[in-house]
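Per-entry structural report
Here's the letter readout for the chains.
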Amino acid sequence: MSTPLWLYQSEITKLLNLLVDKLDKVQTKGRAIQSLKLDGRSFPALFNAEQEADKENYWSQLEQMQAWGWFRINTDRPQPGKAGYELNPRLQNIDETAIRKITARLEPIKSAQQLWREAVFGRLKANIDVYDSIAKQKLEISGKSAEAIVERLNLLSGLVDEPLLLREVSARLFWGQSKVLDNRQALVAAILNVDECPFPESPIQLQVFLPKDDFSGVLFIENLVSFERATRDAIGRFAGLALVFASGFKGAAKRLRLTTGASVYFAGHGNLADASSQRFLAWLFSGSESLPVWFWGDLDYSGMQILKSLRNSFNELEAWQPGYQPMLDELLSGHGHTPDAAGKINQKPLEMTGSAYADQHLLPAIDSTGKFLDQEF
């Protein structure tokens, strides 16, 4: 193609350089250029021309560049008696290579953040809603490209069912380097589309209270205040129950029954007899006997998610009705709080937990009222 002289007119070069400016600007944010609106600011030579012939001339030049494939001109629907430049014209599908070549402006060197963002948007296999969040949590490993790192992150979902610690996951993914994911639990959770990282930094620490007269069942309690109050109950509400503080088990529940996944600490004001503690450990880690198991926590989606997760390790686990029923009555009486009033706006609804009582009564109450209730009410 022979280059026409009009292509080097100052008015045309200003427009093309404006396009390059826009390309450079959006690339710093790791995005692609969407369009450029043609108006008196972006192309004053056309829109401020006094003679209609000059306007027609500039418009024909734009159409020629479109024919070369440098961009596409989009306009509103044609109207009788109106020229194309009177129909809200926009330049789209801009050919960056061609525009940079004619303006002699090379593509700027991309920053590490730009490369990371491009790799996330181009290669990450995750819910598209989390791309922006992941793009802001750059990982860097010496000698490894952003694309290579993102490809390794795509393997995370295949490790969820293994009882691994966070550093073990890191070593598996990142060429033996165990510390890459330190303090990156939010990144892992976002990629897996879960509320919290399923890989603990260290074995889960279980706080357990054993009753004086041994136990005939086990109750997991979500909140520390409620757990402590239960261990000092004087009216027999928790009689015969081994009590376990169960905070933060959403993603790690399956590790509770592995000796390498959990460390158990018995409360000093409970039963410390060796026979009772060994019985609890045998039940937990080897399933030596079948015991009824319950969970009691906040009446919200997060609490229901912990209940559901615990059932992965304790198939017989149910919502503890003596604890939940007063909460349910309170919620149905018009009390409770909205999710945004307690910083719970990001809790995700779930259809079922697997617990009959929770699925038939608790979840429907949350759904119908649109409110939550904390365990300590």
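This next bit is on the overall build of the chain. Helices and strands together make up the secondary structure of the chain, namely 14 helices and nine strands. Relative to a compact globule of 377 residues, whose C-alpha radius of gyration would be 21 Å, the chain shows 31 Å and is clearly more extended. Seen along its three principal axes, the alpha-carbon backbone of the chain occupies a region of about 100 × 55 × 25 Å. Partitioning the intrachain contacts of the chain with sequence separation of at least 6 by distance along the chain shows that 69% fall at a separation of at least 24. Carbon and sulfur atoms make up 49% of the accessible area of the chain, which totals about 19,300 Å². Averaging the locations of the 41 positively and 46 negatively charged side chains of the chain gives two centres separated by 5 Å.

F220, F280 and Y324 are the most contacted members of the largest nonpolar core, which has 53 residues in total. Sorting elements by how many residues they give to this core places helix 14 (residues 356-369) first, with six residues. Formed by 29 residues, the second largest nonpolar core is a distinct cluster that contains V130, V150, L173 and A190.

Attention now moves to the environment of L124. Mapped onto the elements, L124 comes out in the loop between helix 5 (112-123) and helix 6 (131-135). Setting aside residues up to four positions removed in sequence, L124 forms contacts with A119, Y131, I134, V150 and N154.

Now for the pairing of strand 5 (residues 217-221). Burial runs high along strand 5: five of the five residues are buried. Burial of the side chains of strand 5 extends over both faces: G217, L219 and I221 are buried on one face and V218 and F220 on the other. When strand 5 meets strand 6 (residues 241-245), the two strands line up parallel, connected through five bridges. Bridging across to strand 6, I221 finds its partner in F245. The parallel pair strand 5 and strand 6, bridged by helix 10 (residues 224-231), forms a crossover whose chirality is right-handed. As paired elements, strand 5 and strand 8 (residues 293-296) share four bridges and run parallel to each other. By the bridge assignment for strand 8, F220 is matched with F295.

Once that is clear, we can look at the pairing of strand 4 (residues 204-209). Alignment of strand 4 against strand 7 (residues 262-266), held across five bridges, turns out to be parallel. Bridge pairing in strand 7 links L206 to V264. Here strand 4 runs beside strand 6; their pairing, made up of three bridges, is antiparallel. Bridge assignment links Q207 to a residue of strand 6, and that residue is F245.

Criteria and thresholds
Residues numbered from 1 in each chain as written. Predicted model: local features only at pLDDT ≥ 70, side-chain atom pairs only at ≥ 80, totals over all residues. Heavy atoms only, no water. Helix = DSSP H or I, 4+ residues; strand = E, 2+ residues; numbered from the N terminus. Rg over C-alpha atoms; globule rule 2.2 N^0.38 Å. Contact = heavy atoms within 4.5 Å. Areas by Shrake-Rupley, 256 points an atom, 1.4 Å probe, with all protein chains shown as cover. Lys, Arg positive; Asp, Glu negative; His and termini not counted. Charge placed at Lys NZ, Arg CZ, Asp CG, Glu CD. Core = buried A, V, L, I, M, F, W, Y, C linked by side-chain atoms within 4.5 Å. Buried < 20%, exposed > 50% of the residue type's maximum accessible area, 1.4 Å probe, protein only. Pairing = 2+ DSSP bridges. Right-handed = clockwise from strand over helix to strand, strands pointing away.

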